[in-house]
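Results of the structural survey
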Amino acid sequence: MKLLTHNILTSKCLKGVTVGYPLGIVAKEVKVNEVDFNPEFISRMIQKVDWPALCKAAENLGHTDELPPTVVDDYENNEEFLKKAHHFLMEIEVMNGDLICPETGRKFPVTDGIPNMLANEDEV
């Protein structure tokens, strides 16, 4: 599961959950895979990313090296910033572990890089 995916997942569908975001991460296995850099894609995604949640996720995974704490001004034209954002959003992957609802503590497993966000019938 890429950190870009983590950044958009929520457990709001569960009973009693009002926000369900951001999900906590307890990683058992993390991989860093090289992915082709597409500055246009990253530039468009930055507008949609919750940057503080990305920083927290990276910190939870022990990958805080060189991640700027905030989005820089004129990021669309800052290739160095876009490459750093690309690394954190696209190349760091949780292969196995759990995502945790911040309100209920409900765990959602991540297996082979795929988060299972299916809720039981009695949870919705």
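Under the annotation held in an unreviewed UniProt entry, the protein carries the name Multifunctional methyltransferase subunit TRM112-like protein and is attributed to Daphnia pulex. Here the protein is described in UniProt, under the heading Sequence similarities (unreviewed entry), as follows: "Belongs to the TRM112 family."

With that settled, the discussion passes to the packing of aromatic side chains. Counted under the stated rule, the structure contains two aromatic pairs. Measuring from ring centre to ring centre gives 5.4 Å for tryptophan 51 and phenylalanine 81, while their planes differ by 35 degrees; the resulting arrangement is tilted. Here the residue tryptophan 51 occupies a position in helix α3 (residues 51–60), and phenylalanine 81 occupies one in helix α4 (residues 79–91), the gap between them amounting to 30 residues. Among the residues examined, phenylalanine 81 registers a relative accessible area of 3% and is labelled buried. Relative to phenylalanine 81, the ring of tyrosine 75 lies with its centre 6.5 Å away and its plane at 55 degrees, an arrangement referred to as tilted. Considered together, tyrosine 75 and phenylalanine 81 belong to a single accessibility category, that of buried residues. Here a set of aromatic residues connected by ring pairs shows up, and it is made of Trp51, Tyr75 and Phe81. Taking the ring centre of phenylalanine 108 as reference, the NZ or CZ of arginine 106 above it sits at 4.4 Å.

This next bit is on the sheet that holds strand β4 (residues 114–115). Pairing in this open sheet of four strands is antiparallel, and the strands run β1-β2-β3-β4 from one edge to the other. Edge positions in the sheet fall to β1 (24–32) and β4, since each of these pairs with one other strand and no more. α4 rests against β1 and β2 (92–100) of the sheet, and its axis sits at about 60 degrees to β2.

Moving on, we come to helix α2 (residues 39–46). Within the span of α2, buried status applies to Ile42, Ser43, Met45 and Ile46. Taken around the axis of α2, the buried residues stretch over an arc of 165 degrees, which confines them to a single face. Its buried side turned inward, α2 meets α1 (3–8), α3 and α4.

Attention now moves to the packing of α2 against α4. Interaxial distance between α2 and α4 falls to 10 Å at its minimum, and their mutual angle equals 75 degrees. Judged on the interaxial angle alone, α4 and α2 are roughly perpendicular. Residues Pro39, Phe41, Ile42, Ser43 and Ile46 of α2 form the contact with α4, whose participating residues are Phe81, Leu82, Ala85, His86 and Met90. A breakdown of the residues in the contact of α2 with α4 according to their chemical character gives eight nonpolar, two polar and no charged.

So, about the side chain of histidine 63. Relative to the assigned elements, histidine 63 resides in the loop between α3 and α4. With relative accessibility at 18%, the residue histidine 63 sits in the buried group. If near-sequence neighbours (up to four positions away) are discounted, histidine 63 is found in contact with Val30, Val32, Ala58, Phe88 and Ile92.

Within the span of α3, buried status applies to Trp51, Ala53, Leu54, Cys55, Ala57 and Ala58. As for α3, its buried residues are in contact with α1, β1, α2 and α4.

About the criteria used
- Along each chain, residues carry numbers from 1 onward, in the same order as the chain's sequence is written.
- In keeping with the predicted nature of the model, local features appear solely for residues at pLDDT of at least 70, side-chain atom pairs appear and are counted solely at 80 or more, and the whole-chain, interface and lining totals rest on all residues.
- To get the side-chain values, all heavy atoms of the structure are used, and hydrogens and water are removed first.
- UniProt positions are given in the numbering used here, feature names are shortened, and annotations may be inferred rather than shown by experiment.
- Here the aromatic set is Phe, Tyr and Trp, taking the six-membered ring for Trp, and pairing holds for ring centres within 6.5 Å; pairs whose planes are under 30 degrees apart are stacked, those over 60 apart are edge-to-face, and all others are tilted.
- For the purposes of this entry, the term helix denotes a DSSP run of H or I that reaches at least four residues, the term strand denotes a run of E that reaches at least two, and both are numbered from the N terminus.
- Each residue is assigned to one of three classes by its accessible area relative to the maximum for its type, calculated with a 1.4 Å probe on protein chains only: buried under 20%, partly exposed between the two thresholds, exposed over 50%.
- For a ring to carry a charge above it, either NZ of a lysine or CZ of an arginine must fall within 6 Å of the ring centroid while also lying within 35 degrees of the normal to the ring plane.
- Strands qualify as paired when DSSP identifies two bridges or more between them.
- Throughout, a contact is declared for two residues whenever any of their heavy atoms are within 4.5 Å.
- Every axis corresponds to a line fitted to the C-alpha atoms, with the helix fit spanning only the stretch in contact, and the corresponding angles, defined between N-to-C directions, vary from 0 to 180 degrees.
- The directions considered for the arc are those from the helix axis to the C-beta atoms.
- Roughly parallel means an angle under 35 degrees; roughly antiparallel, over 145; roughly perpendicular, 65 to 115; everything else is oblique.
- Any residue outside Ala, Val, Leu, Ile, Met, Phe, Trp, Tyr, Cys, Pro, Asp, Glu, Lys and Arg is labelled polar, Gly included; the first ten of those are nonpolar and the last four are charged.

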